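Each chain, letter by letter, is given below.
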Amino acid sequence: MVSAKELAGCLAACAAQVLAEVGSAQLAQLIEEPQALADRFEPQLRAALAAQGVAPEEVSHHIRNNPCIHLKGVFDPAELPDTPLAWTPVPAMAATLLLQAAIILMSRLAGMETVSYKSENAGALFVNLVTLDGSGAMAEKSRGPMKGHTDAASFPFRDTSDPKDARIAPSPDVVFLAALRNPDSVPTIIMPLSCILAGLTEAQVEVLKGKRITLLAQRSFQRGTKAILGQEHLLEDSNILREGGEGTWVRYSHSNSVVDADDAEAVDAKTSFETACLSCVQQVVLQPGDLLIVNNRKALHGRSPVGDAIGGASRWLVRSYALDTTGLALERRYQDKPYALFP
């Protein structure tokens, strides 16, 4: 079995080699063409892994079957500017270019593609996770805790379609979180699905596999889906658990899920699911230079309160998504930026 230490070392060496070979300016351009970057440098990463006796297929299997993987010291977080005050853009410098290259290469190694959604942050491939300045719901949310959720929970599972609009792309398979700063050691919260399921009865699991819950668009997708679709996206009478070839998958948002109050079985199953989530909390503290790979199908994730500090040397993570796009229809992409998915 591949170790996190071996994988982190190979990934760090390859990302550094990429930056040394092409330079900062060209790498910044290549990041906007993530598939081309992966095509060019994947052989180097495969060779580095092979030298450690690790097969790429082993890495892909590991990523797809674990709730999260914590890779330490993947990039050098030195010489950073002040923490940004907005989600985009991610400033281009050695540290951010290295982490972006590492994420693109790791996506390819997992048999996936680094993707974004046009309805969130205008389709930016990489996003700053920082405390926002000012007031309002989004600024307040950026300071506080985040309940367990999967990202883009109202979008379809992979290999399925939205019942009202087949163009809507699947939610991501993987969420990447790269730490540039975390001065207060704010933990990222992981809730493994295997642990959650162990806290439910078979009957409750079957209810959650049925079409009994409505999932609303998460806050970061609300404005974008409304602009693109004409209304905020929601998934009515949906299942939050799905059984498939890769085992049981989950999609859920504590803050954006609704059940019929008269459906006693669904109310009980939802309440028990959320109770089980609380009993399965694992804390992961990311240090600068670390990369966390969160399985968006087999774990919920969140965070502890961040605090009020903004800019300066305050907390700064960078987030991106990956999806196995095998067989993904063209109508589920934007052709001007193929990594950006609909909506």
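One can find the structure itself at the top, above this paragraph.
Treat the numbers as computed from the prediction; the structure is a model and nothing was measured. (Residues numbered from 1 in each chain as written. Predicted model: local features only at pLDDT ≥ 70, side-chain atom pairs only at ≥ 80, totals over all residues. Heavy atoms only, no water.)

Colleague: Teacher, can you tell me more about the pairing of strand E5 (residues 174-181) here?
Modeller: For a regular strand, the rule is simple: side chains alternate between the two faces of the sheet. With respect to burial, E5 is a largely interior element, 8 of its 8 residues being buried. With 7 bridges joining them, E5 and strand E15 (residues 316-323) adopt antiparallel strand pairing. Paired with Ala 178 across the bridge in E15 is Val 318. Inspection of the sheet shows E5 paired to strand E13 (residues 291-295) by 5 bridges, in the antiparallel sense. Bridge pairing links Leu 177 to Leu 292 in E13. (Buried < 20%, exposed > 50% of the residue type's maximum accessible area, 1.4 Å probe, protein only. Helix = DSSP H or I, 4+ residues; strand = E, 2+ residues; numbered from the N terminus. Pairing = 2+ DSSP bridges.)

Colleague: What's the story with the packing of helix H1 (residues 4-31) against helix H4 (residues 94-109) in this structure? I'm lost.
Modeller: A packed helix pair is summarised by two numbers, namely the angle formed by the two axes and the spacing between the axes. Close contact between H1 and H4 brings their axes to 7 Å; oriented N to C, the two are set at 115°. Considering the relative orientation of H1 and H4, their crossing is right-handed. Facing H1, whose interface residues are Leu 7, Leu 11, Cys 14, Ala 15, Ala 16, Val 18, Leu 19, Ser 24, Leu 27, Ala 28 and Ile 31, H4 presents Ala 94, Leu 97, Leu 98, Gln 100, Ala 101, Ala 102, Ile 104, Leu 105, Met 106 and Leu 109. Among the residues forming the contact of H1 with H4, the class breakdown is 19 nonpolar, 2 polar and no charged. (Axes fitted to C-alpha atoms, helices over the stretch in contact; angles between N-to-C directions. Left-handed = near helix turned anticlockwise from the far one by under 90°. Contact = heavy atoms within 4.5 Å. Nonpolar A, V, L, I, M, F, W, Y, C, P; charged D, E, K, R; others polar.)

Colleague: Explain the pattern of salt bridges to me, please; I cannot follow it from the model alone.
Modeller: Where side chains of opposite charge bring their charged atoms close, a pairing between them can arise. Enumeration over the complete set of coordinates arrives at 19 salt bridges. In this structure, Asp 159 and Arg 158 form a salt bridge, with 3.9 Å as the shortest nitrogen-oxygen distance. Lys 209 serves as the salt-bridge partner of Glu 206, at 3.9 Å between the closest nitrogen and oxygen. Remark: Lys 209 and Glu 206 occur in helix H7 (residues 202-209); sequence separation between them is 3 residues, near one turn of the helix. (Salt bridge = Lys/Arg side-chain N within 4 Å of Asp/Glu carboxyl O.)

Colleague: Help me understand the state of the cysteines in this model?
Modeller: Think of a disulfide as a covalent bridge from one cysteine sulfur atom to another cysteine sulfur atom. One pass over the full model with this rule turns up 1 disulfide. For Cys 195, the disulfide goes to Cys 280, at an S-S distance of 2.1 Å. Judged by the torsion about the S-S bond (-85°), the Cys 195/Cys 280 disulfide is left-handed. Of the two residues, Cys 195 is situated in helix H6 (residues 193-198) and Cys 280 in the loop between helix H9 (264-279) and strand E12 (282-285); the sequence distance between them amounts to 85 residues. (Disulfide = S-S within 2.5 Å.)

Colleague: Explanation requested: the sheet that holds E12 in the structure shown.
Modeller: Two orientations exist for strands paired in a sheet by backbone hydrogen bonds: parallel and antiparallel. Judged by pairing direction, the sheet is antiparallel, and its 4 strands sit side by side in the order E4-E14-E6-E12 without closing on themselves. Every other strand in the sheet has two partners, leaving strand E4 (146-149) and E12 as the edge strands with one partner each. Direction aside, the axes of adjacent strands within the sheet are offset by 20° on average. When E4 meets strand E14 (residues 299-303), the two strands line up antiparallel, connected through 2 bridges. Within the sheet, the bridge partner assigned to His 149 lies in E14 and is His 301.

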